[in-house]
Amino acid sequence: MKLYDEYLRRLYRGGRPNRLARLQNRASAIVFGVGIWPSRVAALEVRGRRSGRTISFPIVIADYEGERFLVAMLGENANWVQNLRAAGGSAVLRHGRREDVRLEEVPVSSRPAILRRYLAVAPGARPHIPIGRNASIEEFERIAPSFPVFRITPAVAASAPGG
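Given the structure is predicted, the values throughout are model-derived calculations rather than measurements.

Novice: Can you lay out unusual backbone geometry for me, pointing to particular residues and giving the numbers?
Specialist: One non-glycine residue, Glu65, lies in positive phi territory at about 50°. Residue position: Glu65 is located in the loop between strand E3 (62-64) and strand E4 (67-71).

In structure tokens, the structure reads:
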């Protein structure tokens, strides 16, 4: 497993995907987007903050206490996090169907248990997060500020004028 973990870390050295990781992410986003994989994986689409183009990539959905969450396994500087914030939380999830969503950032104090759940369901993320999935909640509290977590909520339709 250590060899595989090192391989995964190399794909994202410097906090950004290398060429092979981008290729794998593109293929995974297509497969996950059409719903060929378990329901906890999907393709996330976010508008690029500079290009304006829709960027699609694979993501693992962590379920916790009846809600769904996304975690930035590469931390604060992950490109999708910056794009999402610039888009005001507006995004699309695809897993066999299109789901317009609003992603709401979770306060740091609420992240530890969600991060623990995320590591339990996202084995590919484990090499990127500096503690094990069975770490104490105190250890998750220590790293929580470094890993943004977003609650998945339905997109709110714009109100009609006068209504």
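Novice: Requested: an account of the pairing of E4, with residues and values cited.
Specialist: Note that E3 and E4 share three bridges and pair antiparallel. The residue of E4 that forms the bridge with Tyr64 is Glu67. Counting the residues that bridge the hairpin from E3 to E4 gives two residues, and of these Glu65 lies at a positive phi of roughly 50°.

Novice: Before we move on, can you summarise the pattern of salt bridges with the specific residues and values?
Specialist: By the definition in use, this model includes nine salt bridges. For Arg117, the salt bridge identified is with Asp63, shortest N-O distance 2.9 Å. Of this pair, Arg117 sits in helix H4 (residues 111-121) while Asp63 sits in strand E3, and the two are 54 residues apart along the sequence. In this structure, Glu105 engages Arg85 in a salt bridge whose closest nitrogen and oxygen atoms are separated by 2.6 Å. Placement of Glu105 in strand E6 (residues 98-105) and of Arg85 in helix H3 (residues 79-86) is noted, with a sequence separation of 20 residues between them. Relative accessible area serves as the criterion here: at 34%, Glu105 is assigned to the partly exposed category.

Novice: Quick rundown of the nonpolar core? Include the residues and the values.
Specialist: If you look at the biggest cluster of nonpolar residues, it comprises 22 residues, and the most contacted ones within it are Leu115, Tyr118, Ile129, Phe140, Ile143 and Val149. Taken together, the elements giving at least two residues each to this core come down to E4, H4 and helix H5 (137-143). The dominant element in this core, judged by the number of residues it contributes, is H4, at five residues. The residues touching Val149, leaving out its near neighbours within four places in the chain, are Phe69, Leu70, Val71, Glu104, Glu105, Val106, Arg111, Ile114 and Leu115. Listed in part, the 18 residues of the second largest apolar core include Ala72, Ala78, Leu93 and Leu103.

Parameters at a glance
- Every chain is numbered independently, its residues counted from 1 as its sequence is written.
- Where local features are concerned, this predicted model is filtered to residues with pLDDT of at least 70; where side-chain atom pairs are given and counted, the filter is 80 or more; whole-chain, interface and lining totals use all residues.
- Side-chain numbers come from the whole structure's heavy atoms, not from hydrogens or water.
- Each helix is a run of DSSP H or I of at least 4 residues and each strand a run of E of at least 2, with the numbering of both proceeding from the N terminus.
- DSSP-based pairing: two strands are paired if at least 2 bridges between them are found.
- Definition used for salt bridges: Asp or Glu carboxyl oxygen within 4 Å of a side-chain nitrogen of Lys or Arg.
- Here's how the labels work: a residue is buried when its accessible area is under 20% of the maximum for its type, exposed when over 50%, partly exposed in between, all with a 1.4 Å probe on protein chains only.
- In this text, buried Ala, Val, Leu, Ile, Met, Phe, Trp, Tyr and Cys residues form a nonpolar core when linked through side-chain atoms within 4.5 Å.
- Contacts are assigned to residue pairs with any non-hydrogen atoms lying within 4.5 Å of each other.

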